[in-house]
Number of protein chains: 2
Amino acid sequence: MAKESIDVYYFNTSDYHLSEYVPAYFKTIQYFSNFSGSLATLLVDRKEAYLFVDGRYHIQADKQAGIYGIKIVKLGTEGAKEPIPFILDHYGKDVVVGLDGRRTSTAFGQKLIRNQIVYKSIDIYSKLIENRPALENCTLKSLPIEVTGKSRKDKIKDLLYCLGDRCHIVDNLECISYLLNLRGRDIAYTPVFLAYLVIYRKDIYLFADIERLSDDDLDSLFADEVIIRPYDSYYEFIGGIRDSAIIMDFNKTNFETYCKLLNKGNQLYDMRSPIEDMKSVKNKVEIDNSRLAHIYDGVAMVRFIKWLKEIDKTTINEYDAANKANEFRLGYKAYDLSFSPIVAYNANAAMMHYSPTSDDSAVLDNSGILLIDSGGQYEEGTTDITRTISLGATSQQLKKHFTLVLKSMFNLSEVKFLKGMSGCQLDILARKDLWNIGINYRCGTGHGVGHLLSVHEGPPNVRFSLNPNGTEVVPLRAGNILSDEPGVYLEGEYGIRCENELLCKYGINNEYGQFMEFETLTMCPFDLDLIDKDYLDDETIKALNSYHKKVYETLLPYLSDEEAAFLREATRSI
Amino acid sequence: MAKESIDVYYFNTSDYHLSEYVPAYFKTIQYFSNFSGSLATLLVDRKEAYLFVDGRYHIQADKQAGIYGIKIVKLGTEGAKEPIPFILDHYGKDVVVGLDGRRTSTAFGQKLIRNQIVYKSIDIYSKLIENRPALENCTLKSLPIEVTGKSRKDKIKDLLYCLGDRCHIVDNLECISYLLNLRGRDIAYTPVFLAYLVIYRKDIYLFADIERLSDDDLDSLFADEVIIRPYDSYYEFIGGIRDSAIIMDFNKTNFETYCKLLNKGNQLYDMRSPIEDMKSVKNKVEIDNSRLAHIYDGVAMVRFIKWLKEIDKTTINEYDAANKANEFRLGYKAYDLSFSPIVAYNANAAMMHYSPTSDDSAVLDNSGILLIDSGGQYEEGTTDITRTISLGATSQQLKKHFTLVLKSMFNLSEVKFLKGMSGCQLDILARKDLWNIGINYRCGTGHGVGHLLSVHEGPPNVRFSLNPNGTEVVPLRAGNILSDEPGVYLEGEYGIRCENELLCKYGINNEYGQFMEFETLTMCPFDLDLIDKDYLDDETIKALNSYHKKVYETLLPYLSDEEAAFLREATRSI
């Protein structure tokens, strides 16, 4: 640092594409600090190191990094400052901050500039890390039209129509995978691959190493007029772009990219990629395939629930249960999980991002509840489901809360609404019965779900906050797939969540306009043992019974007699 | 027009302050065309005259103006163009348009500029209209602190705090009346007075004729450092403003004002006046007084409903019923109506802005329903209420629709929600039960209500549309008073609306944050004869019974024995 005249170095958990999950190559904070969480910032000056973590990771950061003398800045607690105010406060205006511009967002970089903080973009890792894992380099897989429902050529045509003469920079891996109908396995859970995409003067440039593509795929990319360049040559290429109107999402494009484009006669527009909107509207093939993926996922979940209901709970812990759920999925039709499952017993489930590990996992008992939030990657689609399951005796209060959570979930899934509404206008349906008893859940009600991609995707969502410049105001469209997951989380007591995935589709069209409605894709029963009918209205009882009937009829052909008998009982009318 | 080189003259229905209702002086379209509706545009070229009206006025414009050879442009029908596209299409780019810049909004003027239409601001009326009514010049009335709850001095202090060094132009009459705690009667239904207000270099200038103020009021305005200038001297004064940052609402400030301020080193910011936000949050005194106004209004309404229920309906028409309702209000505590009442029988009520007149009014019958939407101006507050009343036999379908409308109204009024939500996030509560059966109402669910001011006021509202730049996203605040008025309107059959006024206030505050809830201010029963309990859930029945109990208990002290007996029956538990 002294050699480079750097006072403090800024490490973060992103890769070059600002991904949620990252390849091993980018786990540099873990290397330097021993902290393994998915989101953190590490500031290292010439004497001290400071690790910034949010509420999810306060305890874990102490355990993993604090013991080595790293100072933990617990964001959300009194006096804890975010990295930029911390830098200004701690080092003053004259500080020189080192960072890797490829791993910070343009939006973050602009904040540095606005605060007049001097920065120097240096890749300090490669020089310091011994035996750094290689960048992933697996062979990519082309998806056939029977799976994607839309050819690469047609997707590119639609994109070029949106862009007109404008240049477009895409660092985001999901957008690239979607547009090109290609998948990789560089990152856990999300089948994407490291690449950049640039649309410049109506030509499509893919920056990804040619060895990763089969000859057939190369031919077909060539036929679709996609120009392939080495992954390494991206920054040199964009350095040559000038006198262009450029669309890029400042939150999803790295700062190095921004710096390379600046002051060359270019006009930079901070705009969401049109690919995100295309991707969020599933076509008929994607929808039909998703329905099948949810049937497979439902079969695995029913097997898991049956296993859990029948076993002596004192003989297993959360980690065992998680492994068992993974086994049921991967042993049936899933080729991967879509995220690391949350399997949490009683009070552990009140921590929203709790995930059991082999050495830290609660033993279950024949009472209380287990929350399982999990999902799979299938050849047909991506799933995400949460069930809360009774393990034996539970309190009346818990049943009341479970029943209101279930009712809240149905309040949203059963609504009919006029086209043009956005998720933030529907969100109250999933909260009002809980708000009525003074309880809120501190997270969104629903997120978009990708198709053969990330289990979390935008732009549409169902949230209570309303940022007029945010994705909260994006209208829901037929073909969107969204989660519907209200909950009750009582610290130290228990966590309850019910989650189905919903497909948004057209309803009736009459003199008042086009109505929209949801079809529930998830196929798995809710635990009737946790219901207190005093808290259900007739409409919800009708919706629940009709849902359970459909689950039974849909899954029946896939089940053994014993499993079918279990499901019949689990889906009985109430 | 030839003398002034004008090809076409643009008349509209506004006054200099872009008011909803205007003094007689400004009823120039009526003078020239005989059309008496509240919103229209008249274009007169050297040969023809074109009257532009929206759906409410298609028939009325034919009847009143069409018969004199004026061409009626029926907006909303196929091929009908708005004035600016019409001008471009009809006269071409080289046209010279005459208009009175004081009577068109800045937003409209900017549209002319964007379309490169040459305009000339000329007050053509005064030269042409014989016996033009004089501008209103009544004496103004100062409101005491016991009525306003906040002194003029404190309001000005808060405004100056919001503005900082910025200049602020206020053409809007309600804002001026609110800020200065002054009222007039220049305009029907809304107790405002013609004036302009300018805050320039931290001085408050009121442009209103000094003769309108009593010596005491002059003294007190002087004490509060309000500088009074003649109404006529406004444009000269603002012509002298330069090198200032100026806040003005382009939709509520006239175009002449904009032109006077332009290009003098001024920076103009299109922003809602902070006075609007101040005004929309009622203080304790305003709230307590409003509660009383609603009791008085409820007494008048109960008397009206009793009269209507008891009379032989074949002997009266809508106009008679409207007059009777006015009598009950004005004969008790109201000093004015807050708007021209809508009293509509069966199919007439499906026309949302229907208002009976002495020569056009349907005779009632001892069957069907009467919708009455009306309100009063009281010394204590301003009211707005709608009831739909059974006159005898009604269909099962009508009862179903009435019951769902009533349930929809309670769905909104009973909600508890976290602070920060805006009306467009609650709107679905009042629509979902109607959307569920494929019916929508083509208007907002609720509007703000002024205190001793206009019955319609912003910024908060409850609407289904979500314009990220509009008032739809303004969070609801404790102290807002809003209407809650869902409905069903079936063309040619009937119109149903239930409307209560709601006060937004703080609910519980706990670890999840500050909850908000509504208190219903309106005190008047809903017609139990129209309810079909099959369409009510337990929650709504509970809410209705509890509301009716409160209405009975609250109004009882103000009623005769006979009236009390009627109300007891009308508010019985179901």
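To be clear, the structure that these remarks concern was listed above.
Residues numbered from 1 in each chain as written. Chains lettered and ligands numbered in written order. Predicted model: local features only at pLDDT ≥ 70, side-chain atom pairs only at ≥ 80, totals over all residues. Heavy atoms only, no water.

Undergrad: I keep staring at the overall build of chain A and nothing clicks. Help me out?
TA: A tally of regular secondary structure across chain A gives 18 helices and 27 strands. Expressed as a percentage of its 574 residues, the buried residues of chain A come to 58%. The long-range share in chain A, meaning contacts at least 24 apart out of those at least 6 apart in sequence, stands at 66%. Carbon and sulfur atoms make up 49% of the accessible area of chain A, which amounts to about 23,200 Å² in all. Put simply, chain A has 65 plus and 82 minus side-chain charges, and the middle of one group is 3 Å from the middle of the other. (Helix = DSSP H or I, 4+ residues; strand = E, 2+ residues; numbered from the N terminus. Buried < 20%, exposed > 50% of the residue type's maximum accessible area, 1.4 Å probe, protein only. Contact = heavy atoms within 4.5 Å. Areas by Shrake-Rupley, 256 points an atom, 1.4 Å probe, with all protein chains shown as cover. Lys, Arg positive; Asp, Glu negative; His and termini not counted. Charge placed at Lys NZ, Arg CZ, Asp CG, Glu CD.)

Undergrad: Please clarify how the relation of the copies chain B and chain A should be interpreted in this entry.
TA: Between the two chain copies there is a screw-like relation: a rotation about an axis and a shift along it. Here chain B sits on chain A after a turn of 180° about the axis and a move of 0.1 Å along it, with an RMSD of 0.1 Å. Those values place the two copies in the arrangement expected of a two-fold rotation axis. When the interface residues of chain B are mapped onto chain A, 100% of them again lie at the interface, so the same face is used by both copies. (Least-squares fit on C-alpha atoms with pLDDT ≥ 70 in both.)

Undergrad: How should I be thinking about the packing of aromatic side chains in this particular structure?
TA: Geometrically, a pair of aromatic rings is defined through the distance of the ring centres and the angle of the planes. Scanning the model with the defined rule gives 67 aromatic pairs over all chains in all. Centroid distance B:Phe410 to B:Tyr547: 6.2 Å. Interplanar angle 70°. Geometry classified as edge-to-face. Placement of B:Phe410 in helix 15 (residues 396-413) and of B:Tyr547 in helix 17 (residues 538-555) is noted, with a sequence separation of 137 residues between them. Considered together, B:Phe410 and B:Tyr547 belong to a single accessibility category, that of buried residues. Put simply, the rings of A:Tyr196, A:Tyr200, A:Tyr205, A:Phe207, A:Tyr231, A:Tyr234, A:Tyr235 and A:Phe237 touch in pairs and so form one group of aromatic residues. Against the face of A:Tyr25 rests A:Arg132, its NZ or CZ located 3.6 Å from the ring centre. Seen from the ring of A:Tyr441, A:Arg431 lies directly overhead, with NZ or CZ sitting 4.0 Å from the centre. (Phe/Tyr/Trp six-rings, centres within 6.5 Å; stacked < 30°, edge-to-face > 60°. Lys NZ or Arg CZ within 6 Å of the ring centre and 35° of its normal.)

Undergrad: Honestly, the interface of chain B and chain A in this entry has me stumped. Any pointers?
TA: Many descriptions give the size of an interface as the accessible area lost when the pieces come together. Taken together, the contact pairs 35 residues of chain B with 35 residues of chain A. Here chain B and chain A share an interface that buries about 2,800 Å² over both sides, 63% of which is from carbon and sulfur atoms. Its largest share of buried area at the contact with chain A, chain B owes to B:Gln425, B:Trp435 and B:Tyr512, together 22% of the area lost on that side. Run the count over chain B and chain A and you get eight residue pairs in polar contact (both at pLDDT 80 or more). At the level of secondary structure, the elements contributing two or more residues to the side of chain B that touches chain A comprise strand 20 (416-418), helix 16 (423-435), strand 24 (487-490) and strand 26 (500-510) of chain B. (Buried area = accessible area lost by both parts, 1.4 Å probe. Polar contact = N/O pair within 3.5 Å; in protein donor to acceptor, adjacent residues only side chain to side chain.)

Undergrad: Teacher, can you tell me more about the nonpolar core here?
TA: Counting residues in each nonpolar core, the largest one holds 152 residues, and the members touching the most others are A:Phe304, A:Phe417, A:Phe518, B:Phe304, B:Phe417 and B:Phe518. With nine residues, helix 13 (residues 284-310) of chain B is the single largest residue contributor to this core. Among residues more than four places away in sequence, those in contact with A:Phe304 are A:Ala321, A:Lys324, A:Ala325, A:Phe328, A:Leu370, A:Ile372 and A:Ile389. (Core = buried A, V, L, I, M, F, W, Y, C linked by side-chain atoms within 4.5 Å.)

Undergrad: Would you mind going over the sheet that holds strand 17 (residues 369-374) of chain A with me for this structure?
TA: Hydrogen bonds between backbone groups are what pair the strands of a sheet, and the pairing can be parallel or antiparallel. Residue and element names in this part refer to chain A. Strand order in the open sheet formed by three strands is 16-17-19, with antiparallel pairing between adjacent strands. Looking at the sheet topology across the chains shown, the edges are occupied by strand 16 (342-345) and strand 19 (385-390). Going across the sheet, the axis of each strand differs from the next one's by a mean of 10°, ignoring polarity. Direction of pairing for strand 16 relative to strand 17: antiparallel, over a ladder of four bridges. If you follow isoleucine 342 over to strand 17, its bridge partner there is aspartate 373. The strands touched by helix 13 (residues 284-310) are strand 17 and strand 19; relative to strand 19, the strand with the most contacts, the crossing angle is about 20°. (Pairing = 2+ DSSP bridges. Axes fitted to C-alpha atoms, helices over the stretch in contact; angles between N-to-C directions.)

Undergrad: Explain the pattern of salt bridges here, please?
TA: Opposite charge on two side chains permits pairing when their charged atoms draw close. Enumeration over the complete set of coordinates arrives at 74 salt bridges over all chains. The partner of A:Glu519 in a salt bridge is A:Arg291, and the shortest N-O contact between them spans 2.6 Å. Highlighted residues: A:Glu519 in strand 27 (residues 513-520) and A:Arg291 in helix 13, separated in sequence by 228 residues. Between B:Glu457 and B:Lys279 there is a salt bridge; the shortest N-O distance is 3.1 Å. Within this pair, whereas B:Glu457 is found in strand 22 (residues 457-462), its partner B:Lys279 is found in helix 12 (residues 274-280), the two being separated by 178 residues in sequence. The buried category is assigned to B:Lys279, whose relative accessible area is 3%. Bridged by salt links that share partners, the residues A:Lys284, A:Asp288, A:Arg291, A:Lys505 and A:Glu519 form one connected network. (Salt bridge = Lys/Arg side-chain N within 4 Å of Asp/Glu carboxyl O.)

Undergrad: Would you explain the sheet that holds strand 6 (residues 118-121) of chain B in this entry?
TA: Residue and element names in this part refer to chain B. Ordered by their spatial adjacency, six strands build an open sheet running 4-3-2-1-5-6, and the pairing between neighbours is mixed. Looking along the sheet, the strands with just one partner apiece sit at the ends: strand 4 (71-74) and strand 6. Adjacent strand axes in the sheet meet at a mean angle of 25° when their direction is disregarded. Across four bridges, the pairing between strand 5 (residues 96-99) and strand 6 is parallel. By the bridge assignment for strand 6, glycine 98 is matched with lysine 120.

Undergrad: Would you explain the pairing of strand 27 (residues 513-520) of chain B in this entry?
TA: Along a regular strand, successive side chains alternate from one face of the sheet to the other. All names here are of chain B. The buried fraction of strand 27 is high, at six of eight residues. Bridge count for strand 20 against strand 27 is three bridges, and the pairing is antiparallel. If you follow lysine 416 over to strand 27, its bridge partner there is glutamate 517. Counted along the chain from strand 26 to the antiparallel partner strand 27, the turn is two residues long.

Undergrad: What exactly am I supposed to notice about unusual backbone geometry here?
TA: Most peptide bonds are trans, and most residues other than glycine sit at a negative phi. All names here are of chain A. Cis rather than trans, the peptide bond between glycine 458 and proline 459 has omega equal to -10°. Note on placement: proline 459 falls in strand 22 (residues 457-462). Positive phi is not limited to glycine here, since leucine 18 has a value of about 60°.

Undergrad: Please clarify how the packing of helix 15 of chain B against helix 17 of chain B should be interpreted in this entry.
TA: Each pair of packed helices can be summarised by the angle the axes make with each other and by the distance between the axes. Residues and elements named next belong to chain B. The interhelical angle for the contact between helix 15 and helix 17, taken along N-to-C directions, is 85°, at an axis separation of 10 Å. Accordingly, the angle class assigned to the pair helix 15 and helix 17 is roughly perpendicular. Residues Leu406, Lys407, Phe410 and Asn411 of helix 15 touch helix 17, and the partners they reach there are Thr540, Ala543, Leu544 and Tyr547. Looking at the contact of helix 15 with helix 17, its residues break down into five nonpolar, two polar and one charged. (Parallel < 35°, antiparallel > 145°, perpendicular 65-115°, else oblique. Nonpolar A, V, L, I, M, F, W, Y, C, P; charged D, E, K, R; others polar.)

Undergrad: Help me understand helix 16 (residues 423-435) of chain A in this model?
TA: Each α-helix turn comprises 3.6 residues. Residues three or four places apart therefore point the same way. Residue and element names in this part refer to chain A. Taking 1.5 Å per residue, 13 residues should reach 18 Å; helix 16 reaches 18 Å between its end C-alpha atoms and fits that length. Along helix 16, the largest kink reaches about 35° and is centred on leucine 429. A large share of helix 16 lies buried, amounting to 13 of its 13 residues. (Expected span 1.5 Å × (residues − 1). Bend = angle between axes of the 7 residues up to and from the residue.)

Undergrad: Where do I start with the pairing of strand 10 (residues 196-200) of chain A in this structure?
TA: Residues and elements named next belong to chain A. Counting buried residues along strand 10, five of its five residues qualify, which places the element largely inside the surrounding structure. By the alternation rule, side chains of strand 10 split into Tyr196, Val198 and Tyr200 and Leu197 and Ile199, which are all buried. Strand direction decides the pairing type here: strand 8 (residues 167-170) and strand 10, joined by three bridges, are antiparallel. Of the residues in strand 10, the one forming a bridge with valine 170 is leucine 197. As defined by bridge partners, strand 10 adjoins strand 11 (residues 203-207) across five bridges and the pair is classed as antiparallel. Its bridge partner lying in strand 11, tyrosine 200 is registered against aspartate 203. Where strand 10 folds back on strand 11, the antiparallel hairpin that results is connected by two residues, among which arginine 201 adopts a positive phi of roughly 50°.

Undergrad: Even after reading the chapter, I still don't get helix 13 of chain B, so can you show me in this structure?
TA: The end-to-end C-alpha distance of helix 13 of chain B, which contains 27 residues, comes to 39 Å, matching closely the 39 Å that a straight helix rising 1.5 Å per residue would cover. A large share of helix 13 of chain B lies buried, amounting to 20 of its 27 residues.

Undergrad: I'm lost on the environment of A:Asp534 in this one. Help?
TA: In this fold, A:Asp534 is placed in the loop between strand 27 and helix 17 (538-555). It is 11 Å that separates the C-alpha atoms of A:Asp534 and A:Gln396, two residues lying 138 residues apart in sequence.

Undergrad: Explain the environment of A:Gly265 to me, please; I cannot follow it from the model alone.
TA: Residues and elements named next belong to chain A. The residue glycine 265 is located in the loop between helix 11 (255-261) and strand 14 (267-270) in this model. Counting along the chain gives 24 residues from glycine 265 to isoleucine 241, while the straight-line C-alpha distance between them is 9.1 Å. In this structure glycine 265 touches Asp243 and Ser244, once residues within four positions along its chain are discounted.

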